[in-house]
Amino acid sequence: MKIRYFAWLRQRTGLAEEELEPPAEVHTVADLKRWLADRHPRFAETLAAPGVVRCAVDQEYAEDDTPVGGAREVAFFPPVTGG
Amino acid sequence: MKIRYFAWLRQRTGLAEEELEPPAEVHTVADLKRWLADRHPRFAETLAAPGVVRCAVDQEYAEDDTPVGGAREVAFFPPVTGG
Amino acid sequence: MIRVTGDPFDPAAEIAAFAAGRTDVGGIASFVGRVRDRAGEVRIRAMTLEHYPGMTERKLAEIEEEARRRWPLLDCLVIHRYGRMEPGEPIVLVATASAHRAAALEACTFLIDWLKTKAPFWKLEETDRGARWVEAKASDDAAAARWEERATG
Amino acid sequence: MIRVTGDPFDPAAEIAAFAAGRTDVGGIASFVGRVRDRAGEVRIRAMTLEHYPGMTERKLAEIEEEARRRWPLLDCLVIHRYGRMEPGEPIVLVATASAHRAAALEACTFLIDWLKTKAPFWKLEETDRGARWVEAKASDDAAAARWEERATG
């Protein structure tokens, strides 16, 4: 599974993307966040703050309860500010 | 006093403008309409229909009770359709 | 800026020149109204716009002033053509510039809505069934009325 | 049509080509968003737009599809730039064409409102006090929420 980070989350984790194999008990976005928090301590506090981190699973916006099993790509980023 | 007619009112009266001296008893737009109706029979029926003829006195939109004494220019026209 | 002209104009060139080189502008909205080739089932060959010289410029200036009073516009342009035009030709251009998009977009919509009901223009259509004067639309009155300010207090 | 580009683009040239030669179009609305030279008291030297390649195009296409579902658009164009831009440079262009003005103007406003809150772009400002990521605005959420359809029945 490819994990991608954008904007200041990318700066916080220090990487734009990484290829990871989450363990079998990671079923949802919430599970994945908990697992990633252990790997990226500076990402952990950000994940804990409500409304700060948005997520997309296979390029569709996702919520904490969105399943990630079988996903090819999960992305984390702050609220968008384009236009 | 210059009286101007626009769009199909111009076609109805047969003239774009005329220079007239209304009698002293013509105080308002309504008075002027009555006086003009006698001069332009084909204009009379149009003036009688409600909401069909708009008026401007010295290039400001006017109502039936707007005074015309001292006006240099009074215009009659249908509802506008620009843009 | 207000321009009332009997000559053809190029909306894209006007938009290119509008607020050019300004770095305080965050949003530019524009609207171009063009002659269409049909109205319902009726084919339109041409459209002639008659106007009231003098009063037209005065009314457009008042409408621009009102837009500038309501929104913090950095620039504002209204060009309206009169005379005979064929399908595809531009009749009117409204452009607005502001620091933020909402002001530019709302002011642009306001300007064209008020212009439609307050500027003294009249359209004569040449159709395949003859010439006819376009009638005022209730929907235009309703669009303009949205912007009437309610009395306060 | 959707275009996401790292290269500069010319909004006026795009508007000139948009719906060109069509005689069924009665109204064309457009909005251009540009980099501003300041945000409040802070001077902006440049703006870098990061985006999510692939998802950006997908989201913009969805937003265009939604606009076409809601309004009878004859043409629709969204160009959004990414990369580094300086004050005065265009970031985004939205253009809409319809038979009537209300559809063009509403769809244009809708497109920019939804794009602001749904397309995955992030702005990094270079200011005279250093670089900073632009925060999402509650006013943008409110503008986008205006267009949420209420469930019927």
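Preceding this section is the structure that the text describes.
One structure accompanies this document, and this report is about it. (Residues numbered from 1 in each chain as written. Chains lettered and ligands numbered in written order. Predicted model: local features only at pLDDT ≥ 70, side-chain atom pairs only at ≥ 80, totals over all residues. Heavy atoms only, no water.)

**Describing the interface of chain C and chain D**
Selection criterion: Contact definition: two residues touch when any of their heavy atoms are within 4.5 Å. Buried area: the accessible surface (1.4 Å probe) lost by two parts on joining, summed over both. A carboxyl oxygen of Asp or Glu within 4 Å of a side-chain nitrogen of Lys or Arg is what we treat as a salt bridge. In protein, a polar contact means a hydrogen-donor-capable atom and an acceptor-capable atom, both N or O and within 3.5 Å, with residues adjacent in sequence counting only if both atoms are side-chain atoms; elsewhere, any N or O pair within 3.5 Å suffices. A run of DSSP states H or I qualifies as a helix once it reaches four residues; a run of E qualifies as a strand once it reaches two. Both are numbered from the N-terminal end. Under the grouping applied here, Gly and all other residues not named as nonpolar or charged are polar, the nonpolar ones being Ala, Val, Leu, Ile, Met, Phe, Trp, Tyr, Cys and Pro and the charged ones Asp, Glu, Lys and Arg.
Facing the 34 residues of chain C at the interface are 34 residues of chain D. When chain C packs against chain D, close to 2,800 Å² is buried across both sides, 49% of that on carbon and sulfur atoms. Sorting the residues of chain C by area buried against chain D places Arg34, Arg36 and Arg101 of chain C first, and these three jointly supply 27% of that buried surface. One can count four salt bridges joining chain C with chain D. Among the ionic pairs, Asp113 of chain D bridges to Arg101 of chain C, the shortest N-O distance being 2.9 Å. Joining chain C to chain D, the criterion identifies 16 residue pairs in polar contact (both at pLDDT 80 or more). Of all the elements in the fold, those that place two or more residues in the side of chain C that touches chain D are α1 (11–17), β2 (27–34), α3 (101–118) and α4 (138–145) of chain C. Of all the elements, β2 of chain C adds the most residues to the side of chain C that touches chain D, at eight residues. Of the residues belonging to the side of chain C that touches chain D, the class tally is 16 nonpolar, eight polar and ten charged.

**Thoughts on the pattern of salt bridges**
Two side chains that carry opposite charge are able to pair once their charged atoms sit near each other. Which entries qualify depends on this criterion: Residue burial is assigned from relative accessible area. The probe radius is 1.4 Å, only protein chains are included, and a residue is buried under 20% of its type maximum, exposed over 50%, and partly exposed in between.
Applying the stated rule across the entire model yields 53 salt bridges over all chains. A salt bridge links Glu17 of chain A to Lys2 of chain A; the shortest N-O distance between them is 3.6 Å. Pair noted here: Glu17 of chain A is in strand β2 (residues 17–19) and Lys2 of chain A is in strand β1 (residues 2–5), with a separation of 15 residues, a long-range link. For Glu17 of chain A, a relative accessible area of 39% gives the class partly exposed. The partner of Glu64 of chain C in a salt bridge is Arg68 of chain C, with the nearest N and O atoms 2.9 Å apart. With Glu64 of chain C and Arg68 of chain C both in helix α2 (residues 55–70) and four residues apart, this pair spans about one turn of that helix. On the accessibility criterion, Glu64 of chain C (10% relative accessible area) is buried. Given a relative accessible area of 35%, Arg68 of chain C falls into the partly exposed group. Sharing partners across several salt bridges, the network here consists of Lys2, Arg4, Glu17 and Glu73 of chain A.

**Looking at the interface of chain B and chain C**
On the side of chain C, 27 residues touch chain B, which itself brings 20 residues to the contact. Taking both sides of the interface into account, the surface hidden between chain B and chain C amounts to around 1,900 Å²; carbon and sulfur atoms contribute 54%. Three residues, Gln59, Thr81 and Gly83 of chain B, lead the burial of chain B against chain C; their summed loss comes to 36% of the area buried on that side. There are three salt bridges connecting chain B and chain C. For Glu60 of chain B, the salt bridge goes to Lys59 of chain C, with nearest N and O atoms at 3.3 Å.

**So, the relation of the copies chain C and chain D**
Keep this limit in mind: Only residues with pLDDT of at least 70 in both copies count here: their C-alpha atoms drive the least-squares fit that superposes the copies.
When chain C is fitted onto chain D, the two copies agree to an RMSD of 0.0 Å after a turn of 180° and an axial shift of 0.0 Å. Taken together, the rotation and translation relating the two chain copies correspond to the operation of a two-fold axis.

**Quick word on the arrangement of the chains**
Contacts are most numerous, across the three pairs of chains in contact, for chains C and D. The least C-alpha distance between chain A and chain B, which are not in contact, is 29 Å. As for chain D relative to chain B, no contact occurs, and the smallest C-alpha gap between them is 10 Å.

**Observations concerning the side chain of Lys33 of chain B**
Secondary-structure assignment places Lys33 of chain B in helix α2 (residues 29–39). Residues within four places of Lys33 of chain B in sequence aside, it is in contact with Leu47, Val53, Asp64 and Phe76 of chain B.

**Digging into the packing of helix α2 (residues 55–70) of chain D against helix α3 (residues 101–118) of chain D**
Residue and element names in this part refer to chain D. Basically, it comes down to this: The angle between two axes is taken between their N-to-C directions and runs from 0 to 180 degrees, where each axis is a line fitted to C-alpha atoms and a helix contributes only its stretch in contact. Under this scheme an angle from 65 to 115 degrees is roughly perpendicular, one under 35 degrees roughly parallel, and one over 145 degrees roughly antiparallel; angles in between are oblique. Note: crossing handedness is left-handed where the near helix turns anticlockwise from the far helix by less than a right angle, and right-handed where it turns clockwise.
Packing of α2 against α3 leaves a shortest axis separation of 10 Å and a crossing angle of 150°. Taken together, α2 and α3 sit at an angle that is classed as roughly antiparallel. Seen along the crossing, α2 lies across α3 with a hand that is right-handed. In this structure, α2 contributes Lys59, Leu60, Ile63, Glu64, Glu66, Ala67 and Arg70 to the contact, and α3 contributes Phe110, Leu111, Trp114, Leu115 and Lys118. For the contact of α2 with α3, the per-class residue count stands at seven nonpolar, no polar and five charged.

**Regarding the packing of aromatic side chains**
Convention followed: Stacked, tilted and edge-to-face are the three classes applied to pairs of Phe, Tyr and Trp rings, where Trp contributes its six-membered ring and a pair requires centres within 6.5 Å; stacked means planes under 30 degrees apart, edge-to-face means over 60, and tilted covers the rest.
The tally for this structure, following the rule as stated, stands at 26 aromatic pairs over all chains. Centre to centre, the rings of Phe6 of chain A and Phe77 of chain A are 6.4 Å apart; their planes meet at 65°, and the pair counts as edge-to-face. Remark: Phe77 of chain A occurs in strand β5 (residues 73–77) and Phe6 of chain A occurs in the loop between β1 and α1 (7–13); sequence separation between them is 71 residues. Owing to a relative accessible area of 6%, Phe6 of chain A belongs among the buried residues under this scheme. Residue classification places Phe77 of chain A among the buried residues on the basis of a relative accessible area of 0%. Look at Trp71 of chain C and Trp147 of chain C: their rings are 5.5 Å apart centre to centre, the planes differ by 75°, and that puts the pair in the edge-to-face class. Of the two residues, Trp71 of chain C is situated in the loop between α2 and β5 (73–81) and Trp147 of chain C in the segment after α4; the sequence distance between them amounts to 76 residues. No difference in accessibility class separates Trp71 of chain C from Trp147 of chain C, as the two residues are buried.

**Description of helix α4 (residues 138–145) of chain D**
Counted only if it meets this: What the arc describes is the spread of directions from the helix axis to the C-beta atoms.
For α4 of chain D, the set of buried residues is Asp140, Ala143 and Ala144 of chain D. End-on view of α4 of chain D: buried residues confined to an arc of 95°, all on one side of the axis. Among the structural elements, α3 of chain C together with α3 of chain D are those in contact with the buried residues of α4 of chain D.

**Some remarks on the pairing of strand β4 (residues 42–51) of chain C**
Residue and element names in this part refer to chain C. Formally: Paired strands are those between which DSSP finds at least two bridges.
With seven of ten residues buried, β4 is to be regarded as a mostly interior element. Bridge count between strand β3 (residues 38–39) and β4: two bridges; the pairing is antiparallel. Note on β4: the bridge partner recorded for Ala39 is Val42. In textbook terms, the turn of a hairpin is the stretch between consecutive antiparallel strands, and for β3 and β4 this stretch comprises two residues, one of which, Gly40, has a positive phi near 65°. In this sheet, strand β8 (residues 121–127) lies alongside β4 in antiparallel orientation, the contact comprising seven bridges. Paired with Ala46 across the strands is Glu126, a residue of β8. Relative to strand β6 (residues 83–85), β4 runs antiparallel, the two sharing three bridges.

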